[in-house]
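Below, each chain spelled out in residue letters.
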Amino acid sequence: MEKHVHRTQRRLILTAIGLALPAFWLKGCGGGTANAGASSGLPFEPLELTEAQWRQILTPEEYRILRREGTERAFSSPLDQEYGEGIYVCAGCFLPLFSSAHKYDSGTGWPSFWQPIDDRHIGTKRDFRLIIPRTEYHCARCGGHQGHVFNDGPPPTGQRWCNNGVALRFVPAGEELPALRKGV
Ligand SMILES: [Zn+2]
């Protein structure tokens, strides 16, 4: 019930964005400015580390994207053209965020999915970096920025979850998922 309400709200937001924005804005995958925050009441323990700890754990490029809402260069991630079966986990804390079952080629140069693996694993917020509002999304456990979601995706959701490949790690089917990261 509650989940359904959230879905409906999201769809309304996405529809509003789609009506308001010209197509060239929607094809971008740029980063935002405000800090992402983990939600409460989730089926996992949030991971909260200091910026110094994140710098210790992450590569400079992972840090720039996950913790500073950066955006990788289009077509730069090998995950853009990864179509093997498997699970995509957050590069910051290893929470599963997407499945190969929901991946498609959007042609944008960024790994794209038509839905997350679990709505509870994703947090969203409005982002005004390009002046007009967009919907930023991040890992609900560590707050790491992943990408932006748009409403020009394929059926059945019509959504395009446009993700930085650097912010994800691909775990091929048959391999064990990494344990959730606990700290440094
Ligand atoms: Zn995470």
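Residues numbered from 1 in each chain as written. Predicted model: local features only at pLDDT ≥ 70, side-chain atom pairs only at ≥ 80, totals over all residues.

Chemist: Please give an account of the sheet that holds strand S2 (residues 96-99) that cites residues and values.
Modeler: Strand order in the open sheet made by the three strands is S2-S1-S9, with antiparallel pairing throughout. The open sheet has two free edges, formed respectively by S2 and strand S9 (168-172), since each of these has just one partner strand. If you compare each strand with its neighbour and ignore which way they point, the axes differ by 30° on average. The pairing of strand S1 (residues 86-90) with S2 spans three bridges and is antiparallel. If you follow Tyr88 over to S2, its bridge partner there is Phe98. (Pairing = 2+ DSSP bridges. Helix = DSSP H or I, 4+ residues; strand = E, 2+ residues; numbered from the N terminus. Axes fitted to C-alpha atoms, helices over the stretch in contact; angles between N-to-C directions.)

Chemist: Which residues make up the nonpolar core, and what values do they have?
Modeler: Residues Cys90, Leu97 and Leu168 are the most contacted members of the largest nonpolar core, which totals 29 residues. Where this core is concerned, the elements lending two or more residues are helix H4 (60-66), S1, S2, strand S6 (134-139), strand S7 (145-150) and strand S8 (160-163). Of the residues forming this core, the biggest block, three residues, is contributed by S1. The contact partners of Cys90, leaving out residues within four places of it in the chain, are Leu95, Leu97, Cys139, Arg141, Cys142, Gly144, Ala167 and Leu168. (Core = buried A, V, L, I, M, F, W, Y, C linked by C-beta atoms within 7 Å. Buried ≥ 20, exposed ≤ 12 C-beta atoms within 10 Å, placed from the backbone. Contact = placed C-beta atoms within 7 Å.)

Chemist: Explain the environment of Arg126 to me, using residue names and the numbers behind them.
Modeler: In this fold, Arg126 is placed in strand S5 (residues 122-127). Residue Arg126 is classed as exposed on the basis of its C-beta count, with 12 C-beta atoms lying within 10 Å. C-alpha separation for the pair Arg126 and Glu136, spaced 10 residues apart in sequence, amounts to 5.9 Å.

Chemist: With reference to specific residues and values, describe unusual backbone geometry.
Modeler: Here the amide bond leading from Pro155 into Pro156 is cis, since omega sits at 5°, within 30 degrees of zero. Among the secondary structure elements, Pro156 is positioned in the loop between S7 and S8. Even without being a glycine, Glu69 presents a positive backbone phi close to 55°. In this structure, Glu69 sits in the loop between H4 and S1. Located in the positive-phi region is Phe75, a residue other than glycine, with phi close to 65°. According to the C-beta neighbour criterion, Phe75 is exposed, with 11 such atoms within 10 Å.

Chemist: A description of the environment of Trp114 should follow, citing residues and the corresponding values.
Modeler: With respect to the element layout, Trp114 can be found in the loop between strand S4 (112-113) and S5. A sequence separation of 13 residues divides Trp114 from Ala101, and the C-alpha atoms of the two residues are 9.4 Å apart. Apart from the residues within four sequence positions on either side, Trp114 is in contact with His102, Tyr104, Gly153, Pro154, Thr157 and Gln159.

Chemist: Quick one: what's the story with the confidence of the model for the protein, residue by residue and with numbers?
Modeler: Residues of the protein with pLDDT of at least 70 account for 78%, and the chain-wide mean is 85. Low pLDDT, under 50, characterises residues 15-27; the predicted model gives this stretch 15 contacts beyond four residues in sequence or across chains. Low pLDDT, under 50, characterises residues 31-39; the stretch is placed with 27 contacts to residues that sit more than four places away or in other chains. (pLDDT = per-residue confidence, 0-100.)

Chemist: Tell me about the pairing of S1, and name the residues and values.
Modeler: In terms of residue burial, S1 counts as a mostly covered element, since four of its five residues are buried. The sheet contact formed by S1 and S9 spans five bridges and is antiparallel. Its bridge partner lying in S9, Ile87 is registered against Val171. Here S1 hands over to S2 after five residues, with Phe94 in that stretch at a positive phi of 75°.

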